[in-house]
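The chain contents come next:
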Amino acid sequence: MSKGSLIALAVIVLGILCAFLGYKMHDRVKASEAARADAQVLLELTERYGADPVYVEDLIDTCHAQAFDATYKGGVLSPSELNEQDYQAELVALMLERATADNNANAIASLQGLLDGHYRHFRR
């Protein structure tokens, strides 16, 4: 093979590799966006328990990435997977930790009720 052919082959292989990695990253971003959108259900549930919706929305935004990273499984060569119930239970637990640190009694009671009622089987 000539030097030009080897360079062309290297460029093609590199292009394929970059496209594959881009696809995997896109897959992860899409899963994260979908999980965050589904987390809006938590906002509605906590409102039933009397929590301030603006504060809960802030908690969801603050805790989403950590909960997603803890529950999203998948690598470059393995299939991607997110267990929605594990994600939401992790998210609620992280939100409860934050509300406790903020000493927000309404949010603590609301999130604890949510954990005890909806996510009691998924406690970490």
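Before going into details, it helps to say that this report is about the structure given with it. Because the structure is predicted, anything quoted here is derived from the model rather than measured.

## Points about the overall build of the protein chain
Part 1 of the argument: Per the secondary structure count, the protein chain includes five helices and two strands.
Part 2 of the argument: Each helix (α) and strand (β) of the protein chain, taken in turn from the N terminus, gives the series α-α-α-β-β-α-α.
Part 3 of the argument: For the protein chain, buried positions account for 31% of its 124 residues.
Part 4 of the argument: Long-range pairs, those at least 24 residues apart, make up 64% of the contacts in the protein chain with a sequence separation of at least 6.

## Thoughts on the pattern of salt bridges
Pairs can form between side chains of opposite charge whenever their charged atoms are close.
Part 1 of the argument: The tally for this structure, following the rule as stated, stands at three salt bridges.
Part 2 of the argument: Between Arg36 and Asp61 there is a salt bridge, with the nearest N and O atoms lying 2.6 Å from each other. Pair noted here: Arg36 is in helix H1 (residues 3-38) and Asp61 is in helix H3 (residues 53-71), with a separation of 25 residues, a long-range link.
Part 3 of the argument: Judged by relative accessible area, which is 16%, Arg36 ranks as buried.
Part 4 of the argument: The partner of Asp102 in a salt bridge is Arg98, and the shortest N-O contact between them spans 3.5 Å. A residue pair is termed a helical-turn pair when its members lie 3 or 4 positions apart in one helix, as Asp102 and Arg98 do in helix H4 (residues 84-102) at four residues.
Part 5 of the argument: With a relative accessible area of 38%, Asp102 lands in the partly exposed category.
Part 6 of the argument: Of the residues examined, Arg98 reaches a relative accessible area of 28% and is grouped as partly exposed.
Part 7 of the argument: What you see here is one network of salt bridges that share partners, running through Arg36, Glu57 and Asp61.

## A closer look at H3
Part 1 of the argument: Cys63 marks where H3 bends most, by close to 45 degrees.
Part 2 of the argument: Of all the positions in H3, only Tyr55, Val56, Leu59, Ile60, Cys63, His64, Ala67, Phe68 and Thr71 are classed as buried.

## Let's talk about the packing of H4 against helix H5 (residues 105-117)
Part 1 of the argument: Close contact between H4 and H5 brings their axes to 9 Å; oriented N to C, the two are set at 155 degrees. Taken as axis vectors, H4 and H5 run roughly antiparallel relative to one another. Relative to H5, H4 is oriented so that their crossing is left-handed. For the pair H4 and H5, contact is made by Ala89, Val92, Ala93, Met95, Leu96, Ala99 and Thr100 and by Ala107, Ile108, Leu111, Gln112, Leu114 and Leu115, respectively.
Part 2 of the argument: Across the contact of H4 with H5, the residue classes break down as eleven nonpolar, two polar and no charged.

About the thresholds
- Residues numbered from 1 in each chain as written.
- Predicted model: local features only at pLDDT ≥ 70, side-chain atom pairs only at ≥ 80, totals over all residues.
- Heavy atoms only, no water.
- Helix = DSSP H or I, 4+ residues; strand = E, 2+ residues; numbered from the N terminus.
- Buried < 20%, exposed > 50% of the residue type's maximum accessible area, 1.4 Å probe, protein only.
- Contact = heavy atoms within 4.5 Å.
- Salt bridge = Lys/Arg side-chain N within 4 Å of Asp/Glu carboxyl O.
- Bend = angle between axes of the 7 residues up to and from the residue.
- Axes fitted to C-alpha atoms, helices over the stretch in contact; angles between N-to-C directions.
- Parallel < 35°, antiparallel > 145°, perpendicular 65-115°, else oblique.
- Left-handed = near helix turned anticlockwise from the far one by under 90°.
- Nonpolar A, V, L, I, M, F, W, Y, C, P; charged D, E, K, R; others polar.

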